[in-house]
Amino acid sequence: MRSLPKLIAPFLLAAATAGAHGADAVTPASLLGQWRTEAAAREPFSAARGHQLFERRVTDWSCSSCHTADPRQPGKHTVTGKAIRPLAPSANPQRFSDRAKVEKWFRRNCRDVLQRECTPAEKGDLLTYLLSLK
Amino acid sequence: MIDPRPQSVRRRATLAASAVLLVAAFEVPAAPPAAEAYQSECGECHLAYPPRLLPRASWQTLMSGLDSHFGVDASLDADATRAISAWLEQSAGAARRDRHEEHEGREERRERATRELQPATGRPVLRITETPWFRHEHDEVSAATWKLASIGSPSNCGACHSDAARGRFDEDAIRIPKK
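What counts and how
Residues numbered from 1 in each chain as written. Chains lettered and ligands numbered in written order. Predicted model: local features only at pLDDT ≥ 70, side-chain atom pairs only at ≥ 80, totals over all residues. Heavy atoms only, no water. Salt bridge = Lys/Arg side-chain N within 4 Å of Asp/Glu carboxyl O. Helix = DSSP H or I, 4+ residues; strand = E, 2+ residues; numbered from the N terminus. Buried < 20%, exposed > 50% of the residue type's maximum accessible area, 1.4 Å probe, protein only. Disulfide = S-S within 2.5 Å. Core = buried A, V, L, I, M, F, W, Y, C linked by side-chain atoms within 4.5 Å. Contact = heavy atoms within 4.5 Å. Polar contact = N/O pair within 3.5 Å; in protein donor to acceptor, adjacent residues only side chain to side chain. Phe/Tyr/Trp six-rings, centres within 6.5 Å; stacked < 30°, edge-to-face > 60°. Lys NZ or Arg CZ within 6 Å of the ring centre and 35° of its normal.

Caption draft 1: Geometry of the pattern of salt bridges. Residues and elements named next belong to chain A. What the rule picks out here adds up to 12 salt bridges over all chains. The salt bridge involving Glu 103 is made with Lys 123; its shortest N-O contact spans 3.0 Å. Of this pair, Glu 103 sits in helix α5 (residues 99-114) while Lys 123 sits in helix α6 (residues 120-131), placing them 20 residues apart in sequence. Using a relative accessible area of 24% as the deciding quantity, one classes Glu 103 as partly exposed.

Following this line, the structure appears as structure tokens:
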């Protein structure tokens, strides 16, 4: 009957968008905005600086050790061999869409690579670099 | 334009109720949230190893040292750590099996010791691959096999155990690669 789609459609739409509208949902743009505020820096974020940071090696690892020199490609955990989906949003649109996930991985991986947490400016530079990869 | 007549309103209400009942009928009972959290958090870098493969003391030690988890920062927020720790300790394997040891012969005692999760002496073992049980189960696998490119190390269960992701390690689902 013709009224059925009109009846069901709102429920389907709500179900489909429920995941995207959780409290932790973010976008790359909103994250950059947040980090810009936290960094309180006057100069804009830099993809070039982000790229340098991505390749920086303080002890054994750089970001590229697992995410590869081209973050549009799939990566691999250097110890366990576990496959890692691409990091660049152009290759993997799910990246940088969940705030808790972003903060968790920055906390862990910056501590492992840089032996300290990344600053908001560094996070902004890194994401700016990743967004520059089309 | 939605038809406002009473019989049409009843029909639409019946349809809506039926849809809800259908969805409810096919809903699969969910795993406990902590079990799911363990799968998603601890399965991100390696297999989410079944909790029964280590004793409680091992899981306690692992979960209280996540910021240096075999050399890597695997830390979680406090709530997730608490919930997953509780579930792991509850689901852990028995360190030593209950046996009437006074009736055991020497041979039986040695056999049993090879199947324990916890070695007889020392601190809690943190690697499943170092439990007497694991070593016993894999005593026919050569050192060279572990180093094959498609396997890499004994902790890579899925390389040979096709059903490892579902926590099953049946003998008839094993396929050891050649390279």
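Caption draft 2: How the structure looks around the environment of A:Leu131. Relative to the assigned elements, A:Leu131 resides in helix α6. Taking C-alpha positions, A:Leu131 is 7.2 Å from A:Ser90, a pair spaced 41 residues apart along the chain.

Caption draft 3: Layout of the state of the cysteines. According to the stated counting rule, one finds 1 disulfide over all chains in the structure shown. Covalent S-S linkage joins A:Cys110 and A:Cys118, the inter-sulfur distance amounting to 2.0 Å. On the sign convention where negative means left-handed, the S-S torsion of about -90° between A:Cys110 and A:Cys118 marks this disulfide as left-handed. Given a relative accessible area of 5%, A:Cys110 falls into the buried group. Overall, the relative accessible area of 8% leaves A:Cys118 in the buried class. Its sulfur unpaired, B:Cys157 is 9.3 Å from the next cysteine sulfur, which belongs to B:Cys160.

Caption draft 4: Local environment of the nonpolar core. Residue and element names in this part refer to chain B. Core analysis: the largest hydrophobic core is formed by 27 residues, its most contacted members being Tyr 38, Leu 54, Trp 59, Ile 84, Trp 87, Leu 88 and Ile 128. Of all the elements in the fold, those that place two or more residues in this core are α2 (33-42), α3 (56-63) and α4 (78-91). Setting aside anything within four residues of it in sequence, one finds Trp 87 in contact with Ala 34, Ala 35, Tyr 38 and Pro 51.

Caption draft 5: View of unusual backbone geometry. Although it is not a glycine, A:Phe96 adopts a positive phi angle of roughly 60°. Checked against the element boundaries, A:Phe96 lands in the loop between β2 (83-84) and α5. Positive phi, close to 50°, is recorded for B:Phe70, a residue that is not glycine. The topology assignment puts B:Phe70 in the loop between α3 and α4. Judged by relative accessible area, B:Phe70 falls into the partly exposed class, the value being 41%.

Caption draft 6: Region of interest: the environment of B:Ser75. Position of B:Ser75 among the secondary structure elements: in the loop between α3 and α4. For B:Ser75, a relative accessible area of 9% translates into the label buried. The contact partners of B:Ser75, leaving out residues within four places of it in the chain, are A:Lys104, A:Arg107, A:Arg108, A:Arg111, B:Leu66 and B:Asp67. Here the side chain of B:Ser75 touches B:Asp73 through a polar contact of 2.7 Å, side chain to side chain.

Caption draft 7: Structural detail: the packing of aromatic side chains. If you walk through the whole model with that rule in mind, you get 5 aromatic pairs over all chains. Relative to A:Tyr129, the ring of A:Phe54 has its centre 5.5 Å away and its plane inclined at 55°; by these criteria the two rings are tilted. You can see A:Phe54 sitting in helix α3 (residues 47-55) and its partner A:Tyr129 sitting in helix α6, a full 75 residues away along the chain. The residues A:Phe54 and A:Tyr129 share a single accessibility class, namely buried. Geometrically, the ring pair formed by B:Tyr38 and B:Trp87 is tilted, given 5.4 Å between the ring centres and 40° between the ring planes. Of this pair, B:Tyr38 sits in helix α2 while B:Trp87 sits in helix α4, placing them 49 residues apart in sequence. On the basis of relative accessible area, B:Trp87 is assigned to the buried category, the value being 17%. The positively charged end of A:Arg108 is found above the aromatic ring belonging to A:Trp105, 4.6 Å away from the centroid.

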